[in-house]
Amino acid sequence: MRGILFYDVNIFAILLLVSLIVIILLKEGRTKKSIDLFKLIIYMNIFMLMLEMASWYFDTQPGEVNYLLNWISNFLFTAMNMVLVGLWASYMDYLLFKDYKRLKKKLFYFGPTIVMIVISVINIFYPILFSINDDNVYERLPFIYVSLLMTIGIYIYMFMLIYKKRDEISGNVLFSVMIFLILPIIGAFIQLNSNIMAIWASTAVSVLFIYLLFETTSSAKDYLTGVYRRSRTEEYIETLLRKKRLCTVIMIDIDDFKALNDTYGHPIGDRVLVEFGKVLTRIFRYKAIVSRFGGDEFIVVLEGTHGDSIKFYKNEIKRLLELSGHKETQRMNFSIGAAFCNNPAEATIEGLMVEADNNMYLDKDINKNKRRRKSD
């Protein structure tokens, strides 16, 4: 019987992934669809690590019970080893297209899983993937490499998608693909040349890398102001609506920003944007998601309806702007509008944003006695 130290790498990997899950759950209040997919990746990785330990533990052990458990653990391990690849491909697809409806149609990412389940069932009656002899010793058979070929096929497809969208994505996406490919290969090499179980443990490390790349890095932040990008706001609204939570969407636009840029130059304009972002972050730091919607327009999303607070927030923004050390910021005027989601089941992201935007321009009309467009 193998001692506990034989499984130390897998145990460490499981503890690493459990810790990651705890961190994600503590941040659940601001979750998004990509995180939901990512949690499934972690759970599946933990499951495969445990199956791998079980398959090694029961192998060569005497007795009918150990023989049966050796069969069950290896059957599950072989049948399910493509699930993680399918989840990873789904996660990458969502990062590329931000379209959950598209993702539902792309169920072929799990086609290889269905193939492996079918072959694993066939293997019970006609061993083609693996066999376990009368001494309870596991042995690989030629069809065991079918999953490897299908994994390569999914990687090729993902590389093609990334190439098509190469002008729209960051280098992090390609780096993620390489990490998810290279680390398990290194783990397989280590495992084949030693008694260390390293394949699924190295996969756990690659999962950690992906989390750091896409869920915690500054790639979600606007490069100039430091607040979130528009996509993060849309993901947050999507999460609130999916969970049937009430919410408030606030649009804020700096008045006469173009004239300020033309008069003082873009460096001053950039400074105004940065200071405005700091003010919004200071006010809403622990209450909401603050994003730069585009140009000189910002969007704030709060959970719950805050109709009585909009006037307070407007006055608080004015107060902090006046306390700024920059004269351009102190003289800054802005317009604000809000949309209140009281029925999440009927609301849409676009509808809330359009309503908040229209209300913001009503405020701008009052502030400047101007219309946004001829039809207003």
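As shown above, the structure is provided for reference.
Residues numbered from 1 in each chain as written. Predicted model: local features only at pLDDT ≥ 70, side-chain atom pairs only at ≥ 80, totals over all residues. Heavy atoms only, no water.

**Topic: the sheet that holds strand β6 (residues 297–303)**
Backbone-to-backbone hydrogen bonds join strands into a sheet, with any given pair of strands oriented parallel or antiparallel. One open sheet holds the 5 strands; their spatial order is β3-β5-β6-β4-β7, and the pairing between them is mixed. If you trace the sheet from one side to the other, it starts and ends with β3 (228–229) and β7 (334–341), each paired once. Relative to β6, strand β5 (residues 288–294) is paired through 6 bridges, and the arrangement is antiparallel. Residue pairing across strands places isoleucine 289 opposite valine 301, the latter belonging to β6. Across the face of the sheet, helix α10 (residues 230–242) comes into contact with β3, β4 (247–254), β5, β6 and β7 while running at roughly 25 degrees to β6. (Pairing = 2+ DSSP bridges. Helix = DSSP H or I, 4+ residues; strand = E, 2+ residues; numbered from the N terminus. Contact = heavy atoms within 4.5 Å. Axes fitted to C-alpha atoms, helices over the stretch in contact; angles between N-to-C directions.)

**Concerning the nonpolar core**
If you look at the biggest cluster of nonpolar residues, it comprises 56 residues, and the most contacted ones within it are Phe38, Ile42, Trp88, Tyr91, Met158 and Val207. Setting aside anything within four residues of it in sequence, one finds tryptophan 88 in contact with Ile41, Ile154, Tyr155, Met158, Ser176, Val177, Phe180 and Ile210. Of all hydrophobic cores here, the second largest spans 28 residues; its members include Val272, Val279, Phe334 and Ala338. (Core = buried A, V, L, I, M, F, W, Y, C linked by side-chain atoms within 4.5 Å. Buried < 20%, exposed > 50% of the residue type's maximum accessible area, 1.4 Å probe, protein only.)

**Some thoughts on the state of the cysteines**
Evaluated as defined, the whole model comprises 0 disulfides. Cysteine 341 carries a free sulfur, and the closest cysteine sulfur to it, the one in cysteine 247, is 4.2 Å from it. (Disulfide = S-S within 2.5 Å.)

**Here we look at the packing of aromatic side chains**
Within the structure shown, the criterion is met by 12 aromatic pairs. Ring centres of tyrosine 57 and phenylalanine 58 lie 5.2 Å apart, and the angle between their planes is 85 degrees; this geometry places the pair in the edge-to-face category. Tyrosine 57 sits in the partly exposed class, given a relative accessible area of 30%. Taken together, the ring pairs connect Phe38, Tyr91 and Tyr211 into an aromatic cluster. (Phe/Tyr/Trp six-rings, centres within 6.5 Å; stacked < 30°, edge-to-face > 60°.)

As far as function goes, none of this settles anything; it's purely spatial.
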